[in-house]
Amino acid sequence: MNNKAQFVPLTDGNEIPSFQTIWSAPSNIALVKYWGKKELQIPCNPSVSFTLDHCRTTSSVRFEKLIDKQDHVSLAIQYDGKPAPFFEPKVKTFIDRILPYTPYLKDYHLQIDTVNSFPHSSGIASSASAMAALAAAIMDLEKQIYPSLNAEDQIRKCSFLARLGSGSASRSMEGPLVLWGEHTATPGSSDLFGVRWTKAADVFKTYRDTILLVDKGQKEVSSTVGHNLMHNHPFAENRFAQAKANYQALLTILEKGDLNGFADLVEREALSLHAMMLTSSPSYILMHPSTIQIIKAVRRYNKITGLHLSFTLDAGANVHLLYPEHEAEKIDQFIVSDLRKYCQDNELIFDQVGTGLKKV
Ligand code: DP6
């Protein structure tokens, strides 16, 4: 499972002069967080995520065979129908990392046209869905070149490639839940790719995630910088051990359908993530006063109503509100009447757990 060599194509495949394909990939929200990594996108601890449904990137990729083979990949990127040279460095780094596993790409020019279902400047990380959509398009080309590639191997390699672009992207292939990172409790889990996990009780397969856009701007400190600050962090080893324990505990909670246990664990995970930021050197704070006000309002609401509204945070000020579908009518009303006011321009996104990649 943890052998990278399995992803290197061994034979010459079909001759494909040109090929166009369109893939839509969702974002995902981590319940147990990936925070801290080793060389080449190997996580320091395993993570668990809900795959989202509405927050997606759709990428059309046209592969045109070049007359002369190059030693680098030729590409052009458009975002929302306009040239997007600012995305090129990230995509080039991604392509350079995956070339040992996709050597056929050197034979092609790639024209990438990408669009997000959520606003680019929404503070929602688009790298997971963007890298997942691009990896899916590349794997579709690989399937044309090597038609014997089976569906399971295709999705696994897709996750493997996406991980090399952005760690969390490895969790955007399938749903409703994905595990990434090796853990003895889950045979088949791997540091190299995400695996779908289907054992959750039904209540978690239709869970809601409403994203409160507290700050739609660029994050003050990127995730890449944040991951790096886990090197030499005084609490790093404890944090990795905590995440490992939480991973195992969360799977039990999900299997049992334990809504209170779920809320308690995912909230502590989110706050631990931000505690790492508060205590790194240099330290930084991504939560806004509104983030804290929302958290306090959520806790008051649960106390009064006995409902199961919980929150998690990504590496920013925005709040993901998680709750079961059967409580959504009441909770949606509360969100609109009491929490929407904390959002920048009153903007929020109603999303829910989804199933992953779609070929368009
Ligand atoms: C807080 O996947 O964005 O969202 O691998 O450097 O691209 P890179 O980092 P990224 O980190 C995600 C951090 C997180 C937690 C998570 O999604 O597990």
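Notes on the structure follow.

Conventions we followed
Residues numbered from 1 in each chain as written. Predicted model: local features only at pLDDT ≥ 70, side-chain atom pairs only at ≥ 80, totals over all residues. Heavy atoms only, no water. Near = heavy atom within 4 Å. Polar contact = N/O pair within 3.5 Å; in protein donor to acceptor, adjacent residues only side chain to side chain. Areas by Shrake-Rupley, 256 points an atom, 1.4 Å probe, with all protein chains shown as cover. Helix = DSSP H or I, 4+ residues; strand = E, 2+ residues; numbered from the N terminus. Nonpolar A, V, L, I, M, F, W, Y, C, P; charged D, E, K, R; others polar. Phe/Tyr/Trp six-rings, centres within 6.5 Å; stacked < 30°, edge-to-face > 60°. Buried < 20%, exposed > 50% of the residue type's maximum accessible area, 1.4 Å probe, protein only. Axes fitted to C-alpha atoms, helices over the stretch in contact; angles between N-to-C directions. Parallel < 35°, antiparallel > 145°, perpendicular 65-115°, else oblique. Left-handed = near helix turned anticlockwise from the far one by under 90°. Contact = heavy atoms within 4.5 Å. Salt bridge = Lys/Arg side-chain N within 4 Å of Asp/Glu carboxyl O. Disulfide = S-S within 2.5 Å. Core = buried A, V, L, I, M, F, W, Y, C linked by side-chain atoms within 4.5 Å. Pairing = 2+ DSSP bridges.

**Notes on the site of the ligand**
Phase 1: As a structural note, the neighbourhood of the ligand is formed by 15 residues, with Y34, K37, S166, S168 and R171 the closest of them.
Phase 2: Between the ligand and the protein, one listed contact pairs an oxygen atom with a side-chain N or O atom of R171 at 2.7 Å.
Phase 3: For the ligand, whose free accessible area comes to 460 Å², the fraction covered by protein is 92%.
Phase 4: In terms of residues, the shell around the ligand owes the most to one element, helix α4 (residues 223-228), which gives three residues.
Phase 5: Class assignment of the residues belonging to the shell around the ligand gives a composition of five nonpolar, seven polar and three charged.

**What about the packing of aromatic side chains?**
How two aromatic rings sit relative to each other is given by the distance of their centres and the angle of their planes.
Phase 1: For the coordinates displayed, the defined rule picks out 14 aromatic pairs.
Phase 2: With centroids separated by 4.0 Å and ring planes inclined at 20 degrees, the aromatic side chains of F7 and F160 adopt a geometry described as stacked. Linking F7 in the segment before β1 (18-32) with F160 in helix α3 (residues 151-165), this pair joins segments that are 153 residues apart in sequence. For the pair formed by F7 and F160, the shared burial category is buried.
Phase 3: With a centroid separation of 4.6 Å and 70 degrees between ring planes, the pair formed by Y34 and W180 is classed as edge-to-face. Placement of Y34 in the loop between β1 and β2 (37-38) and of W180 in strand β8 (residues 177-180) is noted, with a sequence separation of 146 residues between them. Accessibility assignment for this pair places Y34 and W180 in one class, buried.
Phase 4: Each residue in the set F7, Y101, F160 and F193 is aromatic and connected to the rest through ring pairs, giving one cluster.

**Here's the deal with the packing of helix α1 (residues 88-98) against helix α2 (residues 127-145)**
Phase 1: Packing of α1 against α2 brings their axes to within 12 Å, and their N-to-C directions diverge by 45 degrees. When the interaxial angle is binned, α1 and α2 end up oblique. The handedness of the crossing between α1 and α2 comes out as right-handed. Touching K90, V91, F94, I95 and I98 of α1 are S127, M131, L134, A135 and I138, all from α2.

**Considerations on the pattern of salt bridges**
A pair can form between side chains of opposite charge whenever their charged atoms are brought close.
Phase 1: Inspection of every chain in the model, using the stated rule, returns 15 salt bridges.
Phase 2: The partner of E15 in a salt bridge is K65, with the nearest N and O atoms 3.1 Å apart. One end of the pair, E15, is in the segment before β1; the other, K65, is in strand β4 (residues 47-65), with 50 residues separating them in the sequence.
Phase 3: Among the charged side chains, a network of salt bridges with common partners joins R208, E325 and D332.

**Looking at the state of the cysteines**
Phase 1: On inspection of all chains with the given rule, the structure shows zero disulfides.
Phase 2: No disulfide involves C55; its sulfur sits 13 Å from that of C343, the nearest cysteine.

**So, the nonpolar core**
Phase 1: One finds F63, I95, L105, L110, I138 and L141 to be the most contacted residues of the largest nonpolar core, which totals 46 residues.
Phase 2: Secondary-structure elements contributing two or more residues to this core are β1, β4, β5 (74-79), α1, β7 (108-116), α2 and α3.
Phase 3: It is α2 that contributes the most residues to this core, 12 residues altogether.
Phase 4: When near neighbours in sequence (up to four residues on either side) are disregarded, L141 contacts I16, F19, F63, Y104, L105 and Y108.
Phase 5: Counting residues in hydrophobic clusters, the runner-up holds 31 residues, among them F50, A201, L265 and V266.

**Re the pairing of strand β10 (residues 208-212)**
Phase 1: The buried fraction of β10 amounts to five of the five residues, a majority that puts the element mostly inside the structure.
Phase 2: Side chains R208, T210 and L212 of β10 all project onto a buried face; the interleaved residues D209 and I211 project onto the opposite face, where all are buried too.
Phase 3: Judged from the five bridges that link them, β10 and strand β12 (residues 319-323) form a sheet pairing that is antiparallel. Within the sheet, the bridge partner assigned to R208 lies in β12 and is Y323.
Phase 4: Judged from the five bridges that link them, β10 and strand β13 (residues 348-352) form a sheet pairing that is antiparallel.

**What to know about the sheet that holds strand β11 (residues 310-313)**
The pairing of strands in a sheet happens through backbone hydrogen bonds and is either parallel or antiparallel.
Phase 1: Strands sit in the order β11-β12-β10-β13 across an open sheet of four strands; the sheet is antiparallel. At either end of the open sheet lies a strand with only one pairing partner, and these are β11 and β13. Across the sheet, the mean angle separating the axes of adjacent strands is 25 degrees when strand polarity is ignored.

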